[in-house]
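# Remarks on the overall topology
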Amino acid sequence: MTTMTRPAPEVTAITLVERRTQHLREAIASGDEPTIARAESRLERARTSAAKQAARASQRAELQRQVDQVRREAARDEKARAADAIEAQVRERAAPYCEIHFAGRSVRVDLGARDQVARTTAREMLRRVAWVVSEDFRALCVRARQTLTCPAMPVSDEALVKMLGADAGLRPGLLRQVVTIDGRRPGFDDEEGE
């Protein structure tokens with residue numbers, strides 16, 4: 001057995017302003033001046049009340065948007081702080097570096113700087129040091145072939161020392177703190193200690 005249900009009649013809510021407007025229309029149709037005056041007064045109060053409610057709703061919505069924006073910014077800032085903390089840990093524990101030992105000196109180039117310019121400078125410093133060391137070593141090999149003797153170790157760090165103060169040498173890396181020689185930044189760490 002199937003039962004058929006009737007669809008519920010559509011109920012449309014009319015606002016207070018619409019009701020007051022309808023009452024005023026009826027009062028005007030009746031022609032009774034005191035009733036018309038009361039209806040107009042009630043309609044005006046209803047409009048004022050509706051305008052105040054709309055203004056309050058608008059203000060509340062705006063304030064809610066502002067609160068939501070502050071919450072989103074706080075969440076974004078918190079996420080950025082967490083990301084910075086993790087990145088700092090990774091850089092502290094796993095930052096890449098290259099160390100070249102030559103002529104009794106140790107040149108370390110840190111490749112894990114946070115700043116892109118410093119990383120680019122570090123790569124260039126590594127290239128420059130590698131070039132100078134390989135050229136000095138090549139010259140050492142040439143001298144060994146010519147003299148038929150094998151020197152134990154290159155004794156001169158003259159090329160590295162020349163590179164320290166030159167802008168075309170290691171100075172940019174020393175300035176950006178991506179190059180150290182024997183664990184120090186010659187010409188910079190000396191000044192800080194004074």
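This text goes with the structure placed above it.
Below: a short report on this structure. (Residues numbered from 1 in each chain as written. Predicted model: local features only at pLDDT ≥ 70, side-chain atom pairs only at ≥ 80, totals over all residues. Heavy atoms only, no water.)

### Examining the overall build of the protein chain
Along the protein chain, the regular secondary structure elements total six helices and three strands. Along the protein chain, helices and strands appear, N-terminal first, in the series α-α-β-β-α-α-α-β-α. Out of the 194 residues belonging to the protein chain, those deemed buried represent 21%. Intrachain contacts of the protein chain at a sequence separation of at least 6 include 49% that bridge at least 24 residues. For the protein chain, the exposed area adds up to about 14700 Å²; of that, 55% sits on carbon and sulfur atoms. (Helix = DSSP H or I, 4+ residues; strand = E, 2+ residues; numbered from the N terminus. Buried < 20%, exposed > 50% of the residue type's maximum accessible area, 1.4 Å probe, protein only. Contact = heavy atoms within 4.5 Å. Areas by Shrake-Rupley, 256 points an atom, 1.4 Å probe, with all protein chains shown as cover.)

### Details of the side chain of Arg185
The topology assignment puts Arg185 in the loop between β3 (179-181) and α6 (189-193). Within the structure, Arg185 has its side chain in polar contact with the backbone oxygen of Leu174 (distance 2.7 Å). (Polar contact = N/O pair within 3.5 Å; in protein donor to acceptor, adjacent residues only side chain to side chain.)

### Side note on the packing of helix α1 (residues 16-30) against helix α2 (residues 33-94)
For the pair α1 and α2, the least separation of the axes is 9 Å and the interaxial angle reads 165 degrees. In terms of their interaxial angle, α1 and α2 are classed as roughly antiparallel. The element α1 and its partner α2 pack so that their crossing is left-handed. Each of Leu16, Val17, Arg20, Thr21, His23, Leu24, Ala27 and Ile28 in α1 lies in contact with α2, whose residues at this interface are Thr35, Ile36, Ala39, Glu40, Arg42, Leu43, Ala46, Arg47 and Ala50. Residues that form the contact of α1 with α2 fall into these classes: ten nonpolar, three polar and four charged. (Axes fitted to C-alpha atoms, helices over the stretch in contact; angles between N-to-C directions. Parallel < 35°, antiparallel > 145°, perpendicular 65-115°, else oblique. Left-handed = near helix turned anticlockwise from the far one by under 90°. Nonpolar A, V, L, I, M, F, W, Y, C, P; charged D, E, K, R; others polar.)

### Some points on the packing of aromatic side chains
Tallying each qualifying case throughout the model produces zero aromatic pairs. The ring of Tyr97 has Arg108 sitting right over it, with the charged end atom 3.6 Å from the ring centre. (Phe/Tyr/Trp six-rings, centres within 6.5 Å; stacked < 30°, edge-to-face > 60°. Lys NZ or Arg CZ within 6 Å of the ring centre and 35° of its normal.)

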